[in-house]
Amino acid sequence: MQAPDDFNPQPGLAEELEPGLRRILAPNPSPMTYRGTNTYLLGTGGLAVIDPGPDSEAHLAAILAAVTPGQQITHIIVTHSHLDHSPLARRLSKATGAAVYAFGGPQAGRSQVMARLAAQGPAGGGEGIDKEFAPDITVADGAVISGDGWALEVIHTPGHLGNHIALAWGDACFTADHVMGWASSLVSPPDGDLTDFMASCRRLQQRSWRVFHAGHGAPITDPAERLDWLIAHRESREAAILAALAQAPATARSLAEQIYTETPPALLNAAERNVLAHLVDLTGRGQTTPHGALSATSVFALSHG
């Protein structure tokens, strides 16, 4: 899906999205982060900072400058431990005294199949993992983080990363990198798990949402439609992979080259990781079989019988 051209906020500027919620764009644009990481400030007195972002002196200064007289940062909440979301948490905590909340460290929530894949040796992946990240306070699925006039329900949404959480704020949801409007989420084994990703999508579908505030890009004002698209998009990729394997066994790389024909060369590695995620999922469901042990470079064939 094409990125909306009208989303281009000024980095470092705190913009009000709705009463009690502001967004500051971090100065880290890239092909994987779009305009940059969205940092959210929730509240009017005691503030929660959601996803402080990359380790950037300018962004730290912008967050602190957004705290007006009579306000203070009381909570720092990290949705997942990628380098564009979590590293600034420690410095912001030191500057404000606020505790850092998250589901856990980089390997928290990792599925058993991905743990086995990682244990077998290098499987690629590792797209910007903040390996040193450790929260002060771990929060479980269903927990409520509450502050001065606000409350957030933790929804564990593994898939993009095992420790990924979404945060429900009434009928709004901070979906981080699980659901974004500008692109589909990267799912790269062994950190990302497509089986978990699809289950997390369907879990979010069970509730009625007004808006999604994503980790990158503009607010998503049609949450149900976006979730439907995201699931259909993945199902169409799966169908394309199965159709290609019906012609001949193949690796994730060769399948990516066949299927992602309109993808810029700079993003082909990410496409390959997404295909591998599908192949691991299909293997777990008995539809494909790797030649030899499951790995990032395996040749996969359709299962028979």
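Scroll up for the structure.
This structure is a prediction, so every number in the text was calculated from the model and none was measured. (Residues numbered from 1 in each chain as written. Predicted model: local features only at pLDDT ≥ 70, side-chain atom pairs only at ≥ 80, totals over all residues. Heavy atoms only, no water.)

## Notes on the overall build of the chain
Put simply, the test is: Secondary structure is summarised from DSSP: a helix means a run of H or I of at least four residues, a strand means a run of E of at least two, and numbering begins at the N terminus for each. Atoms counted for the radius of gyration: C-alpha only. Globule rule: 2.2 Å times the number of residues to the power 0.38. Any residue under 20% of the maximum accessible area for its type is buried, any over 50% is exposed, and the rest in between are partly exposed; the area is computed with a 1.4 Å probe on protein chains only.
Scanning the chain for helices and strands turns up seven helices and 14 strands. A compact globule built from 305 residues would reach a C-alpha radius of gyration of about 19 Å, and the chain, at 19 Å, matches this within 12%. With the principal axes as the frame, the chain shows a C-alpha extent of 65 × 40 × 35 Å. The burial tally for the chain puts 54% of its 305 residues in the buried class.

## Some details on the pairing of strand β9 (residues 151-156)
Which entries qualify depends on this criterion: Between any two strands, pairing holds if DSSP finds at least two bridges.
Sheet topology note: the strand β8 (residues 144-146)/β9 ladder contains three bridges and is antiparallel. Within β9, the residue paired with V144 across the bridge is E153. Counting the residues that bridge the hairpin from β8 to β9 gives four residues, and of these G149 lies at a positive phi of roughly 85°. Relative to strand β10 (residues 165-169), β9 runs antiparallel, the two being bridged by four bridges. Paired with V154 across the two strands is L167, which belongs to β10.

## Describing the packing of aromatic side chains
Where we set the bar: Centres within 6.5 Å are what make two rings of Phe, Tyr or Trp a pair, Trp counting through its six-membered ring; a difference in plane orientation under 30 degrees is then read as stacked, over 60 as edge-to-face, and the rest as tilted. As a reminder, the over-ring test applies to NZ of lysine and CZ of arginine, requiring each to be within 6 Å of the ring centre and within 35 degrees of the ring normal.
A full pass over the atoms with the stated rule returns five aromatic pairs. Between W169 and F174, the ring centres sit 6.2 Å apart and the planes meet at 25°, which makes this aromatic pair stacked. Members of the aromatic cluster, each reached through a chain of ring pairs, are F7, Y34 and W182. Of note, R234 hangs over the ring of F197, and the distance from its end group to the ring centre comes to 5.4 Å. If you follow R237 out to its NZ or CZ, it ends over the ring of Y260, 3.9 Å from the centre.

## Focus on the sheet that holds strand β12 (residues 211-214)
Rule in force here: Fitted lines through C-alpha atoms serve as axes, helices being fitted only where they are in contact, and the angles separating the N-to-C directions of these axes extend from 0 to 180 degrees.
Pairing is mixed in the open sheet, where five strands are placed in the order β8-β9-β10-β11-β12. A single partner strand is all that each edge strand has here, and the edge strands are β8 and β12. Within the sheet, the average angular offset between the axes of one strand and its neighbour, ignoring direction, is 25°. Note: strand β11 (residues 172-176) against β12, four bridges, orientation parallel. Bridge pairing in β12 places A172 opposite V211.

## Digging into the nonpolar core
Quick reminder of the rule: Only buried Ala, Val, Leu, Ile, Met, Phe, Trp, Tyr and Cys residues count toward a nonpolar core, and they belong to the same one when joined by side-chain atoms within 4.5 Å. Here a residue-residue contact requires only that any non-hydrogen atoms of the pair lie within 4.5 Å.
Judged by nonpolar contacts, the single largest core of 24 residues is most densely connected at V179, F197, W209 and F212. Broken down by secondary-structure element, the contributors of at least two residues to this core are β10, α4 (194-205), β12 and α5 (223-247). Excluding residues within four positions of it along the chain, F212 makes contact with C173, T175, V179, P219, I220, P223 and L227. If you look at the next biggest cluster of nonpolar residues, it comprises 22 residues, including A250, I259, V275 and A296.

## Digging into the sheet that holds strand β3 (residues 38-42)
If you walk across this open sheet you meet the seven strands as β1-β2-β3-β4-β5-β6-β7, and the pairing is mixed. Taken across any chain shown, the strands that pair with only one partner, and hence form the sheet edges, are β1 (15-18) and β7 (137-138). The strands touched by helix α2 (residues 88-96) are β4 (46-50), β5 (72-77) and β6 (99-102); relative to β5, the strand with the most contacts, the crossing angle is about 155°.

## Topic: the environment of R207
Take R207: it is sitting in the loop between α4 and β12. With relative accessibility at 37%, the residue R207 sits in the partly exposed group. For R207 and D171, which are 36 residues apart along the polypeptide, the C-alpha to C-alpha distance reads 8.7 Å. Apart from residues no more than four positions distant in its own chain, R207 is found in contact with E153, I155 and A168.

## What about the side chain of S200?
If you trace the backbone, S200 turns up in helix α4. In this structure S200 touches H156, T157, P158 and H178, once residues within four positions along its chain are discounted.

Everything listed here is a matter of coordinates, which is why it stays silent on function.
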